[in-house]
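Examination of the molecular architecture
Residue strings, one per chain:
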Amino acid sequence: QVQLVESGGGLVQAGGSLRLSCAASGGTFSDYFMGWFRQAPGKEREFVAAISRSGGTTRLADSVKGRFTISRDNAKSTVYLQMNSLKPEDTAVYYCAADADYSAATSSTKWRYDYWGQGTQVTVSS
């Protein structure tokens, strides 16, 4: 069973950047495709980005395309979310998630993911 710990959240002004990290332990990191989701107050958790086991395939939500990038370092068992040109509407708790299902390369569907981190708060001020 894999454990996930996010870091890198914080308060940033609109137009700024943050890089989130998610460190995995307790499993073979390359067995999992990884995703980032976010949840704003009063809203459902929504998909942000996903990356395949090798890192060769990525998927981004339309709302973040051109601004966010997902990457992974299997040697460090870590997945990253680089967030540029941040907007106030990006304010949310950001979660990373892992899925060991080999029937898919990536997924934007939250119920597919087996393991979740505790989340890290990102606040973008206007």
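Everything that follows concerns the structure shown earlier in this document.
This section reports on the structure supplied with the text. (Residues numbered from 1 in each chain as written. Predicted model: local features only at pLDDT ≥ 70, side-chain atom pairs only at ≥ 80, totals over all residues. Heavy atoms only, no water.)

**Observations regarding the overall build of the chain**
Broken down by element type, the chain carries 0 helices and 11 strands. In sequence order, the chain lays out its α and β elements as β-β-β-β-β-β-β-β-β-β-β. Relative to a compact globule of 126 residues, whose C-alpha radius of gyration would be 14 Å, the chain shows 13 Å and is just as compact. Once the C-alpha set of the chain is aligned to its principal axes, its extents read approximately 40 × 25 × 25 Å. Within the chain, the proportion of its 126 residues that are buried is 44%. Approximately 6100 Å² of the chain is accessible, and the part contributed by carbon and sulfur atoms is 46%. For the chain, the centre of its 13 positive side-chain charges and the centre of its 11 negative side-chain charges are spaced 4 Å apart. (Helix = DSSP H or I, 4+ residues; strand = E, 2+ residues; numbered from the N terminus. Rg over C-alpha atoms; globule rule 2.2 N^0.38 Å. Buried < 20%, exposed > 50% of the residue type's maximum accessible area, 1.4 Å probe, protein only. Areas by Shrake-Rupley, 256 points an atom, 1.4 Å probe, with all protein chains shown as cover. Lys, Arg positive; Asp, Glu negative; His and termini not counted. Charge placed at Lys NZ, Arg CZ, Asp CG, Glu CD.)

**Digging into the state of the cysteines**
One pass over the structure, following the stated rule, counts 1 disulfide. Two residues share a disulfide in this structure: Cys-22 and Cys-96, whose sulfurs sit 1.9 Å from each other. Its S-S torsion of about 45° marks the bond between Cys-22 and Cys-96 as right-handed, since a negative value means left-handed. One end of the pair, Cys-22, is in strand 3 (residues 18-25); the other, Cys-96, is in strand 9 (residues 92-99), and 74 residues separate them in sequence. A single burial state applies to Cys-22 and to Cys-96, both of which are buried. (Disulfide = S-S within 2.5 Å.)

**So, the environment of Ser-125**
Among the structural elements, Ser-125 can be located in strand 11 (residues 120-125). Placed 112 residues apart in sequence, Ser-125 and Gln-13 show a C-alpha to C-alpha distance of 4.8 Å. If near-sequence neighbours (up to four positions away) are discounted, Ser-125 is found in contact with Leu-11, Val-12, Gln-13 and Ala-14. (Contact = heavy atoms within 4.5 Å.)

**Some thoughts on the sheet that holds strand 8 (residues 78-83)**
The 4 strands are arranged 1-3-8-7 in an open sheet whose pairing can be described as antiparallel. Looking at strand neighbours, the two that pair on one side only are strand 1 (3-7) and strand 7 (68-73), the edges of this open sheet. With strand direction ignored, the average angle separating the axes of adjacent strands in the sheet is 15°. In this sheet, strand 3 lies alongside strand 1 in antiparallel orientation, the contact comprising 5 bridges. (Pairing = 2+ DSSP bridges. Axes fitted to C-alpha atoms, helices over the stretch in contact; angles between N-to-C directions.)

**A short note on the pattern of salt bridges**
Scanning the model with the defined rule gives 6 salt bridges in all. Its salt-bridge partner being Arg-38, residue Glu-46 comes within 2.7 Å of it at the nearest N-O pair. Note on Glu-46: relative accessible area 37%, which makes it partly exposed. For Arg-38, a relative accessible area of 6% gives the class buried. Overlapping salt bridges bring together Arg-38, Glu-46, Arg-67 and Asp-90 as one network. (Salt bridge = Lys/Arg side-chain N within 4 Å of Asp/Glu carboxyl O.)

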